[in-house]
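Overview (structure and organization)
What follows is each chain in one-letter form.
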Amino acid sequence: MQDKTTEIFRDAPVPKAVISNVIPSIVSMIMVLIYNLADTFFIGQTKNAYMVAAVSVATPAFLLFMAVGMLFGIGGTSLISRTLGEGHAEKAKNASSFCFWTGLIIGIIAMIVIWLLAMPISRAIGASEDTMGYTTQYLNIVAAAIPFLILSNSFSNIIRAEGNAQTAMMGMIIGNIINIVLDPVMILGFGWNVAGAAIATVLGNVFSAAFYIRHLLSKNAMLSIHPKYFQAGGGIAAGVFAIGIPASLNSILMSLSNILVNNIMSDYGDMAVAGLGVAMKVNMIVVMLLIGLGTGIQPILGYCFGAGNKERFTAVLKFSLILAFGLSAVMTVICYCGAGPLVHAFLEDADAFSYGMSFARIYIYSGPIMGILFVFINAIQSTGAALPALILSISRQGIIYMPVLFLFRRIFNSAAMLAAAQPITDYLAAALSILLFIMIYRKWAPKTN
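Residues numbered from 1 in each chain as written. Predicted model: local features only at pLDDT ≥ 70, side-chain atom pairs only at ≥ 80, totals over all residues. Heavy atoms only, no water.

In this section: the nonpolar core. One finds Ile43, Ile80, Phe155, Met265 and Leu347 to be the most contacted residues of the largest nonpolar core, which totals 150 residues. Broken down by element, the residue count for this core peaks at 23 residues, all from helix H10 (residues 270-307). (Core = buried A, V, L, I, M, F, W, Y, C linked by side-chain atoms within 4.5 Å. Buried < 20%, exposed > 50% of the residue type's maximum accessible area, 1.4 Å probe, protein only. Helix = DSSP H or I, 4+ residues; strand = E, 2+ residues; numbered from the N terminus.)

Two elements in contact, H10 and helix H13 (residues 350-363), have axes separated by 7 Å at closest approach and are oriented at 40 degrees. Taken together, the axes of H10 and H13 lie oblique to each other. The handedness of the crossing between H10 and H13 comes out as right-handed. Contacts from Met271, Ala272, Gly275, Leu276, Ala279, Met280, Val282 and Asn283 in H10 reach Asp351, Ala352, Tyr355, Gly356, Phe359, Ala360 and Tyr363 in H13. For the contact of H10 with H13, a count of residues per class yields 11 nonpolar, three polar and one charged. (Axes fitted to C-alpha atoms, helices over the stretch in contact; angles between N-to-C directions. Parallel < 35°, antiparallel > 145°, perpendicular 65-115°, else oblique. Left-handed = near helix turned anticlockwise from the far one by under 90°. Contact = heavy atoms within 4.5 Å. Nonpolar A, V, L, I, M, F, W, Y, C, P; charged D, E, K, R; others polar.)

Our next topic: the packing of aromatic side chains. With the rule as written, the count across this model stands at 19 aromatic pairs. Pairing Phe100 with Trp101 gives two aromatic rings, centres 4.9 Å apart and planes at 85 degrees, and the pair type is edge-to-face. Here Phe100 falls in the buried class, since its relative accessible area comes to 6%. Exposure remark for Trp101: the relative accessible area of 30% places this residue in the partly exposed category. Relative to Tyr441, the ring of Phe313 has its centre 6.4 Å away and its plane inclined at 25 degrees; by these criteria the two rings are stacked. In this pair, Phe313 sits in helix H11 (residues 310-337) while Tyr441 sits in helix H17 (residues 415-444), placing the two residues 128 residues apart along the sequence. You can call Tyr441 partly exposed: its relative accessible area is 24%. A connected cluster of aromatic rings, assembled from ring pairs, spans Phe305, Phe313, Phe376, Phe437, Tyr441 and Trp444. Over the face of the ring belonging to Tyr336 we find Arg361, whose NZ or CZ atom lies 4.5 Å from the ring centre. (Phe/Tyr/Trp six-rings, centres within 6.5 Å; stacked < 30°, edge-to-face > 60°. Lys NZ or Arg CZ within 6 Å of the ring centre and 35° of its normal.)

Relative to each other, helix H15 (residues 386-399) and helix H16 (residues 401-412) sit at 15 degrees, their axes nearing to 5 Å. If you check the angle between H15 and H16, you find them roughly parallel. Judged by residue contacts, Ser395, Arg396, Gln397, Gly398 and Ile399 of H15 engage Tyr401, Met402 and Pro403 from H16. Across the contact of H15 with H16, the residue classes tally to four nonpolar, three polar and one charged.

In C-alpha cells, the structure reads:
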C-alpha cells in the first residue's frame, strides 16, 4: 500500500495523479448529490409541498452531523497525507484509529440527544405548525444513522489519503445506491412518505460505514481502526483538530446559515421555504462536483507539502485550477439553462415553483468561481495551516455571509435579494481564499527545494 501511495502521489505524471484521484472523488459527490436530490424528488411526488418544506427544514440539522464527519475526514486526511509524505506510516495508523473511535463516540451521543430533543430542535431550525410533525418524524428516524453518517463521511475522505481513491468512492456509491433504490419503495410504494425517506437514509449510511470498516480491517488497508493504534497524544488529536475544526466549522456555519435563512424566508410563507430548499438542491449540482474536485486533490497536495516537493505541489495546483475553472463554467451554463425542468421535477405548486425557479438562477451566479474557491480551500487545508483555514471557514458562511444576509434584508426586504446574499458571499470568499493561499505559499516556498 505504501508503494501505491508513493506511485500515485509522488511519481505519477501530474494529470494522471490528479485525474485518478479527482474522478473517484467527483463520482462520490455525484452519488451524494443524487441521494440528496432523490429524497426531495420522491417526497415531491406525494404532491405535498409541506413535506418538501419539512425535509428542507430538517436538512441543516442533519448537515451538522455531517460536519462532524468532515472534522475527522478533512482533518484526518490532511494529517495522514502529510505524515505519509514524511514517511511515518505508524503515525498514520494512530491518526486513522483516533478518527474512527472518537467519531463513533460523538455519533452515539448525538443520536441520543436528537431522540430526547427532537421537537425543540425542530422548532429551533424553523419548522412551522404545518411542518412540525413531518420534521420531528424525519429527525427522530435519521438520528439512528448519525454514528454511521459520521464514520462514512470521515473515511470516504481518509481512505483517499492512503492512495485508495476507488475504495473511498465505492463506499459512497454503495450507501447512496441503497438509499436511492429504497426511496421510491418506501416513500411511494409503502406510502411511508417522510418516514420512508428517513429510513432509506439510515440504511444507506449503515451499509456505507460497514463497507469502510470491512476495508480497514482487511490486509489491503495501510491504515487501521484497531484500538491498539488509538492515540490522541503525540500531535494526533491536535493535528486532526487543527484542520478538521475549521473544515467542520464551514459546514456547521453553512447549516446554521441555512437555518437562519429558512427562518427569515418563512416570513414569505412555506412555499418560499420549499422553493429555497429546492433551489439549494439545484445549486448543489455544481457545488458537489467542485467539492469532489477539491477533496480529490487534497491528499496529493498534502503529500507533496509533507515531502517538501514545491515543484510538484505547484504543478498539481495549476492543473487543478484549470480543470476547476473549466468544470465550473460548463456546469454553470447547464444549471442556469436547465433550472426550469430541474425545479419542476421537485415542485408542482405554482407559488413554490416560482420561488424555486427564481432562487435557483440567483444561486448559480456564483458557479464560475466555485471551482477556484474549493481548490484553494483544500490547498490551504493540505498545508496544515490552521489559522488561515479557520479564517476562511468562519468567513464564507459566517462573518461574510450573515452580515450580507442581514444587510440585504434591511435594504431590500425581498425574497430574491435574500437568496442573492449567497453568490455575493461566494465571490468575496473566493477572493479571500486566494489571498490567504498566497500568504501561506510565500512563507513556505523559500524553505523547500
